[in-house]
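Residue-level structural notes
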Amino acid sequence: MSTRSSVGNVRWLNPDEERAWRAFLRVMVAVRTGTARDLAALGLSEPDYEVLSTLSERPDHTSTLGEQADKMGWSRSRLSRHATRMEARGLLRRAPDPTDGRGCLLVLTAHGLETLDDAAPAHLESVRHHFIDRLTPEDLSAIEQIARRLENP
């Protein structure tokens, strides 16, 4: 990040900014690697868990493909491919979207809900182990405040 080049008006990071940026990246990698490894031991990926948990919170356990893709920051085609794999495992099913002839609904199956119910306690323990229990209440509050600042650029 601090590499200088002849590029015009680049606002290079000062040493404090660069250390903060790199620390943020290390934390993201460490937490996500740990929780992803723990989910994999349960036979789920992070995206699997995200889709299952989101659908479990929705009315009728249903969401449009587009809404789910937006929530995850994925393209519709990427989520569609992932949903195909989840559908093959019986975790969800697709249904036609009555409001969008080209779209589809993702519907949580009973097996998907059972899988989520079985995985949730271990996942929450993983989140606690890799993140929550390592921080003070003040740290958690600061992270929430920082997240709010970064949510809408």
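Residues numbered from 1 in each chain as written. Predicted model: local features only at pLDDT ≥ 70, side-chain atom pairs only at ≥ 80, totals over all residues. Heavy atoms only, no water.

**Description of the overall build of the protein chain**
- Along the backbone of the protein chain there are 6 helices and 3 strands.
- N-terminal to C-terminal, the α/β element order of the protein chain is α-α-β-α-α-β-β-α-α.
- Taking 15 Å as the expected radius of gyration for a compact globule of 153 residues, we find that the protein chain reaches 19 Å, considerably beyond that expectation.
- For the protein chain, the C-alpha atoms occupy an extent of roughly 50 × 40 × 25 Å along the three principal directions.
- Considering only intrachain contacts with a sequence separation of at least 6, the fraction spanning at least 24 residues in the protein chain is 45%.
- Carbon and sulfur atoms provide 55% of the accessible area of the protein chain, an area that totals close to 10,500 Å². (Helix = DSSP H or I, 4+ residues; strand = E, 2+ residues; numbered from the N terminus. Rg over C-alpha atoms; globule rule 2.2 N^0.38 Å. Contact = heavy atoms within 4.5 Å. Areas by Shrake-Rupley, 256 points an atom, 1.4 Å probe, with all protein chains shown as cover.)

**Observations regarding the packing of aromatic side chains**
- All chains considered together, the criterion is met by 1 aromatic pair.
- We note Arg78 situated over the ring of Trp74; from NZ or CZ to the ring centre the distance is 3.9 Å. (Phe/Tyr/Trp six-rings, centres within 6.5 Å; stacked < 30°, edge-to-face > 60°. Lys NZ or Arg CZ within 6 Å of the ring centre and 35° of its normal.)

**Structural notes on the pairing of strand S2 (residues 92-97)**
- Sheet topology note: the S2/strand S3 (residues 100-108) ladder contains 6 bridges and is antiparallel. Following the sheet pairing, Asp97 is matched in S3 by Asp100.
- Hairpin connection of S2 to S3: 2 residues between the antiparallel strands. (Pairing = 2+ DSSP bridges.)

**As for unusual backbone geometry**
- Despite not being glycine, Asp60 shows a phi value in the positive range, around 60 degrees.
- Residue classification places Asp60 among the exposed residues on the basis of a relative accessible area of 69%.
- Positive phi outside glycine occurs at His61, with the angle close to 55 degrees.
- On the secondary structure map, His61 appears in the loop between helix H2 (46-57) and strand S1 (62-64). (Buried < 20%, exposed > 50% of the residue type's maximum accessible area, 1.4 Å probe, protein only.)

**A word on H2**
- When the terminal C-alpha atoms of H2 are compared, their 17 Å separation across 12 residues agrees well with the 16 Å that a helix rising 1.5 Å per residue should span.
- Within H2, the full set of buried residues consists of Asp48, Tyr49, Val51, Leu52, Ser53, Thr54 and Leu55. (Expected span 1.5 Å × (residues − 1).)

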